[in-house]
Amino acid sequence: MNVEDYDFNLPEELIAQTPLLDRSASRLLLVNRETGETDHRHFSDMIEYLQPGDTLVLNDTRVIPARLFGVKEDTGAKAEVLLLKNLGEDRWEALVKPGKKLKSGAVIVFSDELRAVVEDESEMGGRTLRFIYKGIFQEILDRLGMMPLPPYIKETLDDRERYQTVYAKHEGSAAAPTAGLHFTTSLLEQIAAKGVSIAYITLHVGLGTFRPMSVEKVEEHVMHAEYFVMSQETADTLNAARERGGRIIAVGTTSCRTLETVGRQCQGGPLTACSGWTDIFIYPGYQFNVVNALITNFHLPKSTLVMLVSALAGREHILAAYEEAIAERYRFFSFGDAMFIY
């Protein structure tokens, strides 16, 4: 399959730069995965399309303020760091700018209480950093760090909690699981009162999500790995849903990838508690083992995420739905509107 087959023209003005004041006021495009039939609603109407016995699976990861600004100790030149993965023992995998000047041995000073030494180099600006600090690292990061908004968002975010879901719990993501940004506490309470089970998984989102594909053929792409956790409580909830014939509805591609990873590891049998690293790549031709429906935002052209939703609903249906969303002036990407593929 050609990557170009997943391209579409998106007017730049449709890229949402700021979140809506009311999370659930975003628009909702309904897409029937079998027929491609669509309908236009608002996210607050989502409850009408959930049935007693369904299970909603949410990713409760929490975004860390992973973007740091400092200076190179020996020259005073500006330096920018984006934390990607905690390697333990005060070491992090990170992206740095400018990469050409931040070689092994370089020291970056962020404040009197925080500095980092570049220990190792990898491709595309990747570095392994060892942090030296006074006090508690997480508290320092909360004070000095900024939210790592995607590169297509140019506006400043005044309230960093708007780039967190209302149920965010476990810190570790370099990006938000944005499909979940539409939910309010009130809406989740209404959904639960209707008889819909709510279960949680954790997948810490990496910045590989935003990296463009550099290959021509879909099958040649190598996915980045992300850490996930699914508890036995969630496994039990999902097994009960399957037994009663209820739908398992993933909120976001991160929840979807986690569920399908666990389903593969359990080889079609009952789901069990599981954790580890997943690099699962879902594209058309993939047979879903766990997920029946998906709530998701609108994704970048030629991205792995467009391929994932195309695997669920078919490439033709998805590209037609995207064309309709563009014509109807839907807002795209992280702070944009939502789609329910059922």
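One numbering rule holds for all chains: residues counted from 1, following each sequence as written. Reporting in this predicted model follows two pLDDT cut-offs: at least 70 for local features of residues, and 80 or more for side-chain atom pairs to be given and counted; totals over whole chains, interfaces and linings ignore these cut-offs and use all residues. Side-chain calculation: all heavy atoms of the structure are included, whereas hydrogens and water are not.

Draft legend 1. Broad picture of the overall build of the chain. Helices and strands together make up the secondary structure of the chain, namely six helices and 17 strands. For the C-alpha atoms alone, the extent of the chain along its principal axes is close to 60 × 45 × 40 Å. For the chain, with 342 residues in total, the buried portion stands at 55%. Contacts in the chain between residues far apart in sequence, at least 24 positions, make up 71% of those at least 6 positions apart. Charge assignment in this entry is limited to Lys and Arg as positive and Asp and Glu as negative, and neither His nor the chain termini are counted. Think of each charge as sitting on NZ of Lys, CZ of Arg, CG of Asp or CD of Glu. Of the side-chain charges in the chain, 35 are positive and 47 negative, and the distance between the mean point of each set is 5 Å. Strands here are runs of E lasting at least two residues and helices are runs of H or I lasting at least four, both read from the DSSP assignment and numbered beginning at the N terminus. Buried residues are those whose accessible area, probed at 1.4 Å on protein chains only, stays under 20% of the maximum for their type, while exposed residues exceed 50% and partly exposed ones sit between those limits. Working rule for contacts: check all heavy atoms of both residues, and any pair within 4.5 Å makes them a contact.

Draft legend 2. Structural view of helix H1 (residues 137-144). Along H1, the residues that are buried comprise Phe 137, Ile 140 and Leu 141. Looking straight down H1, one finds its buried side chains confined to an arc of 100 degrees; they lie on one side. Working definition: the arc comes from the directions between the helix axis and the C-beta atoms, pointing outward to the latter.

Draft legend 3. Focus on the side chain of Ser 334. Take Ser 334: it is sitting in the loop between helix H6 (315-327) and strand S17 (338-341). Residue class for Ser 334 comes out buried when judged on its relative accessible area of 4%. In the analysis that follows, any N or O atom pair within 3.5 Å is treated as a polar contact, provided that within protein one partner can donate a hydrogen and the other can accept it, and provided that, for residues neighboring in sequence, both atoms belong to side chains. Only 2.7 Å separates the side chain of Ser 334 from the side chain of Tyr 152, close enough to count as a polar contact.

Draft legend 4. How the structure looks around the nonpolar core. Residues belong to a common nonpolar core when they are buried Ala, Val, Leu, Ile, Met, Phe, Trp, Tyr or Cys residues joined through side-chain atoms within 4.5 Å. Tyr 163, Leu 259, Phe 332, Met 339 and Ile 341 are the most contacted members of the largest nonpolar core, which has 67 residues in total. Among the elements that line this core, the one with the most residues is helix H5 (residues 304-313), at seven residues. Setting aside residues up to four positions removed in sequence, Met 339 forms contacts with Leu 28, Leu 29, Val 31, Leu 294, Ile 295, Thr 296, Phe 298, Ile 318, Ala 321 and Tyr 322. If you look at the next biggest cluster of nonpolar residues, it comprises 26 residues, including Ala 79, Leu 83, Leu 129 and Ala 174.

Draft legend 5. Summary view of the sheet that holds strand S6 (residues 78-88). Pairing in this closed barrel of six strands is antiparallel, and the strands run S5-S6-S7-S10-S9-S8 around the ring. The sheet shows a mean angle of 45 degrees between the axes of neighbouring strands, taken without regard to direction. One requirement defines pairing of two strands: DSSP has to find at least two bridges between them. Across five bridges, strand S7 (residues 91-97) lies against strand S10 (residues 126-133) in antiparallel orientation. In the strand pairing of S10, Leu 95 is matched with Gly 126. Only the contacting stretch of a helix is used when fitting its axis, a line to C-alpha atoms as for every element, and angles between N-to-C directions run 0 to 180 degrees.

Draft legend 6. Region of the structure containing unusual backbone geometry. Cis rather than trans, the peptide bond between Lys 97 and Pro 98 has omega equal to -10 degrees. Looking at the element boundaries, Pro 98 is found in the loop between S7 and strand S8 (107-111). At Asp 90, a position not held by glycine, the phi torsion is positive, near 65 degrees. Structurally, Asp 90 can be placed in the loop between S6 and S7.

Draft legend 7. Structural context of the side chain of His 299. By the element assignment, His 299 lies in the loop between strand S16 (293-297) and H5. A residue is classified by how much of its surface remains accessible, and His 299, at 7% relative accessible area, is buried. Looking at His 299, its side chain comes within polar contact range of the side chain of Thr 296, at 2.7 Å. Here His 299 is in contact with Phe 8, Thr 253, Leu 305, Val 306, Val 309, Tyr 322, Phe 332 and Phe 333, once residues within four sequence places are set aside.

Draft legend 8. Layout of the packing of aromatic side chains. Paired rings are identified among Phe, Tyr and Trp, the last through its six-membered ring, by centres lying within 6.5 Å, and are further divided according to the angle between planes into stacked (under 30 degrees), edge-to-face (over 60) and tilted (the rest). Going through the model one piece at a time under the given rule, you end up with 19 aromatic pairs. Relative to Phe 137, the ring of Tyr 133 has its centre 5.4 Å away and its plane inclined at 55 degrees; by these criteria the two rings are tilted. By relative accessible area, Phe 137 is classed as buried at 12%. Between the aromatic rings of Phe 332 and Phe 333, the centroid separation amounts to 6.1 Å while the plane-to-plane angle is 85 degrees, which identifies the pairing as edge-to-face. For Phe 332, a relative accessible area of 0% puts it in the buried group. Among the aromatic side chains, those forming a connected cluster through ring pairs are Phe 8, Tyr 152, Phe 298, Tyr 322, Tyr 330, Phe 332 and Phe 333. Throughout this description, the term charge over a ring refers to an Arg CZ or Lys NZ atom that lies within 6 Å of the ring centre and within 35 degrees of the ring normal. Over the face of the ring belonging to Trp 277 we find Lys 85, whose NZ or CZ atom lies 4.3 Å from the ring centre. In this arrangement the basic side chain of Arg 315 is found over the ring face of Tyr 6, its NZ or CZ atom lying 5.9 Å from the centre.

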